[in-house]
Amino acid sequence: MSFIAKMLDVKEELLELYEANSDTLNLNSSEVMNGFREEAIMQFRKKGIPTRKNEDYKYTELEPVFQKDYKYRFAPKKITFAVDDIFKCDVPELDTKILILLNGWFISDEAQLQELDNGVIIGSLAEAAKQYPDLVGEHYGQHAKTSIDGLVALNTAFAQDGIFIYVPKNVVVAHDIQIINILLDDESLIVQHRNLFIMEENSEAKLVICDHTLSESEFLTNSVTEIVAKSNSRLDIVKMQNEHNKATQLSSTFISQKRSSNVSTNIISLHGGMIRNNVQVVMEEEGCENSTFGLFLVDKKQHVSNHTIVEHASPNCRSTQKFKGVLDDQGTGAFNGRILVHPDAQKTEAFQSNNNILLTDEATMNTKPMLEIYADDVKCSHGATVGQLDEDALFYLRTRGIGQREARLMLMFAFAYEIIGEIKVIPLRDRVNDLVEKRLCGELSRCNNCAMHCG
Amino acid sequence: MLHIKNLHASIDGKEILRGINLDVNPGEIHAIMGPNGSGKSTLASVLTGRDIFEVTDGEITFEGVNLFDLNPEDRSRSGIFLGFQYPIEIPGVSMVNFMKTAVNEHRKFRGQKAMTAGEFLQLMRDKKALVEIDSRLTNRSVNEGFSGGEKKKNEIFQMAMLEPKLAILDETDSGLDIDALRIVANGVNKLKRPDNATIVITHYQRLLDYIVPDFVHVLYNGQIVLSAGKELALELEEKGYDWIKKEVDQVQI
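Residues numbered from 1 in each chain as written. Chains lettered and ligands numbered in written order. Predicted model: local features only at pLDDT ≥ 70, side-chain atom pairs only at ≥ 80, totals over all residues.

1. Re the interface of chain A and chain B
Each partner contributes to the interface: chain A provides 17 residues, whereas chain B provides 19 residues. Looking at which element gives the most residues to the side of chain A that touches chain B, the answer is helix α10 (residues 404-420) of chain A, with seven residues. (Contact = placed C-beta atoms within 7 Å. Helix = DSSP H or I, 4+ residues; strand = E, 2+ residues; numbered from the N terminus.)

What follows is the structure, encoded as structure tokens:
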């Protein structure tokens with residue numbers, strides 16, 4: 001009972017926070033985003049923060065992280081330093097167009113929103129919603145429905161900024177786009193940014209998203225990303241989650257795919273106190289292809305949960321989901337993956353797998369693959385495994401003179417590489433490779449100089 | 001080189017080896033034959049340190065060192081090699097990385113520097129030619145998708161790379177057609193030197209047409225019940241194991 005009572009308190013506090021600040025929110029923001037707030041807060045009032053009674057959150061305990069004392073900033077904190085001074089992405093040969101969110105606010109030395117020569121528009125979502133209300137309005141809130149989930153409702157009520165990317169028809173973006181989410185504050189903070197990516201017909205882009213914590217404070221991120229991939233477009237996303245143990249990241253991504261589009265996401269959860277990834281894909285028209293991959297490594301008391309729904313709403317689409325986890329110490333993980341094939345989605349090919357290795361007796365993994373098929377001419381499969389390292393393989397390696405520790409690492413790394421190998425941005429793949437190897441060796445593996453800040 | 005005295009070993013409380021005695025000297029080839037379930041593979045596993053078997057009595061020394069003091073990797077580094085009856089597939093671990101790590105661990109153990117990439121590739125090339133293994137196989141993950149014959153060839157390739165003092169080949173001939181058998185046997189013969197030794201564990205005599213043993217031992221019920229020269233293999237081929245079983249069983253009664 002006390003849990004529920006506390007959660008009600010948290011919910012009431014957030015509702016009060018909204019009431020007290022709704023004028024500020026509306027004043028600072030655009031009509032497009034404001035238009036969703038009242039409905040969203042109403043939905044949040046109804047749903048609240050998901051508890052473990054909600055089947056979808058059975059293994060992810062949000063109560064303790066929401067109960068912490070966070071500050072909420074309704075305007076970006078003025079920074080007195082150049083972001084370059086505290087953060088530089090040091091991945092060699094990673095030649096990207098960099099967009100930075102600091103505590104969920106877009107920051108740049110240049111304009112808040114840039115239109116590049118090829119017509120690509122990138123920058124702040126808040127600014128985009130002001131300058132291009134029709135474009136943003138056409139998609140904002142259309143895929144991430146506030147009625148689905150309390151976290152989405154909460155984000156939609158409070159969201160003020162985030163990243164906006166628009167790739168026009170027939171444009172292939174030459175430079176990969178890199179979004180760097182930096183969390184840096186003296187105080188504990190809730191951050192609720194919102195992203196919108198629109199890929200027009202025949203467009204193509206690669207996107208790298210990196211999450212970093214640069215100060216020791218506690219952070220709670222509740223972000224929502226909506227992605228629209230129109231006909232024949234192609235979008236590859238790699239998300240690298242690399243936060244400290246006092247950070248919680250709740251990330252919800254909604255992908256809407258039109259005819260023959262191809263979207264891949266690969267979420268590498270390298271480090272973080274608690275990580276929850278919700279990925280929802282709807283293949284609305286024929287001929288789509290989707291890959292949703294993830295690799296997570298947990299130790300100590302970390303928790304990573306991946307929750308996917310891949311919906312085949314049209315015929316002749318193909319989807320692959322592959323998630324792998326390596327769990328050490330008392331780490332916990334969850335995978336909840338669902339393939340949903342609509343009655344008329346014939347010739348669907350949908351595959352899903354989740355494989356996990358537990359390195360200790362105290363690590364826990366809960367996995368729940370689900371198939372829901374309403375069409376009769378489909379090829380679908382799913383499977384999940386939870387196990388230890390293969391003792392026979394370990395012995396085989398050792399009889400060749402490879403030490404036990406090294407042999408274990410080789411096997412773990414081989415296990416992880418199936419996912420790393422899918423990363424399509426090569427310099428990043430090499431870096432992730434390196435980081436995962438270090439992480440598995442038990443060495444510090446935070447990317448970049450952030451390691452020096454958060455200890 | 002290898003001295004086994006009164007070796008007893010069991011698994012899950014069931015005694016499999018019941019007092020094995022065997023001496024192997026440099027330059028010798030020993031064949032260990034015997035019916036199914038006699039303990040041949042258990043002996044190989046115990047020699048290489050598989051921990052599912054419990055040694056309950058006896059001793060093994062290898063070049064004067066108590067083998068039980070060494071873990072599997074140190075036994076390998078000291079010069080003991082096991083060719084597996086069922087080589088393990090290890091998806092995601094490349095043959096190159098596997099062999100490079102193994103070779104360099106051996107070198108480290110001997111106080112040698114790690115090989116340069118160039119030296120290593122040259123070594124790979126030389127040994128591949130020696131055992132007639134397809135180059136494409138060494139570009140794949142360890143044993144993954146290899147046919148039965150390819151897996152056995154790969155065992156001999158690994159043996160060539162590591163140049164053991166004592167090679168134990170556990171039913172290397174099982175599942176091989178005659179061509180593959182000849183290639184595998186040729187590999188073993190080419191690697192033969194006056195200072196190394198081989199224990200060939202086999203069920204059938206045919207491998208011994210190609211790898212000619214100095215001694216043939218018959219293992220039955222966890223003991224070596226008969227030892228003789230290479231002619232014993234032929235006799236076994238002709239008469240089977242029943243006559244030995246009968247003799248042993250009578251004595252035991």
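That shown, we press on.
2. Describing the sheet that holds strand β14 (residues 262-271) of chain A
All names here are of chain A. Read from one edge to the other, the open sheet built from 10 strands follows the order β3-β2-β7-β10-β12-β14-β16-β18-β20-β22, with strand pairing classed as mixed. In this open sheet, the two strands that pair with only one neighbour each are β3 (105-107) and β22 (378-387). Within the sheet, the average angular offset between the axes of one strand and its neighbour, ignoring direction, is 15°. Judged from the 10 bridges that link them, strand β18 (residues 318-327) and strand β20 (residues 348-358) form a sheet pairing that is parallel. Looking across to β20, one finds that Phe 323 is bridged to Asn 354. Along the sheet, helix α11 (residues 426-441) contacts β10 (204-213), β12 (234-242), β14 and β16 (289-298); its crossing angle with β14, the most-contacted strand, is approximately 30°. (Pairing = 2+ DSSP bridges. Axes fitted to C-alpha atoms, helices over the stretch in contact; angles between N-to-C directions.)

3. Observations regarding the nonpolar core
One finds A:Ala416 and B:Ile168 to be the most contacted residues of the largest nonpolar core, which totals 192 residues. At nine residues, the largest contribution of residues to this core is made by α10(A). Excluding residues within four positions of it along the chain, B:Ile168 makes contact with B:Ala44, B:Leu47, B:Phe81, B:Leu82, B:Gly83, B:Ile199 and B:Ile201. (Core = buried A, V, L, I, M, F, W, Y, C linked by C-beta atoms within 7 Å. Buried ≥ 20, exposed ≤ 12 C-beta atoms within 10 Å, placed from the backbone.)

4. A closer look at the sheet that holds strand β12 (residues 223-228) of chain B
All names here are of chain B. Spatial strand order, β6-β9-β10-β3-β11-β12: six strands in an open sheet with mixed pairing. Of all strands in the sheet, those with a lone pairing partner are β6 (80-83) and β12, marking the two edges. Within the sheet, the average angular offset between the axes of one strand and its neighbour, ignoring direction, is 20°. The pairing of strand β11 (residues 215-220) with β12 spans five bridges and is classified as antiparallel.

5. A word on helix α5 (residues 148-162) of chain B
All names here are of chain B. Spanning 15 residues, α5 covers 22 Å between terminal C-alpha atoms, matching the ideal 21 Å at 1.5 Å per step. Counting buried residues in α5 gives 11 out of 15 residues, a clear majority hidden from the surface. Turning to α5, its buried residues are Lys 152, Lys 153, Asn 154, Glu 155, Ile 156, Phe 157, Gln 158, Met 159, Ala 160, Met 161 and Leu 162. Positive phi shows up at Glu 163, right after α5, with a value of about 40°. (Expected span 1.5 Å × (residues − 1).)

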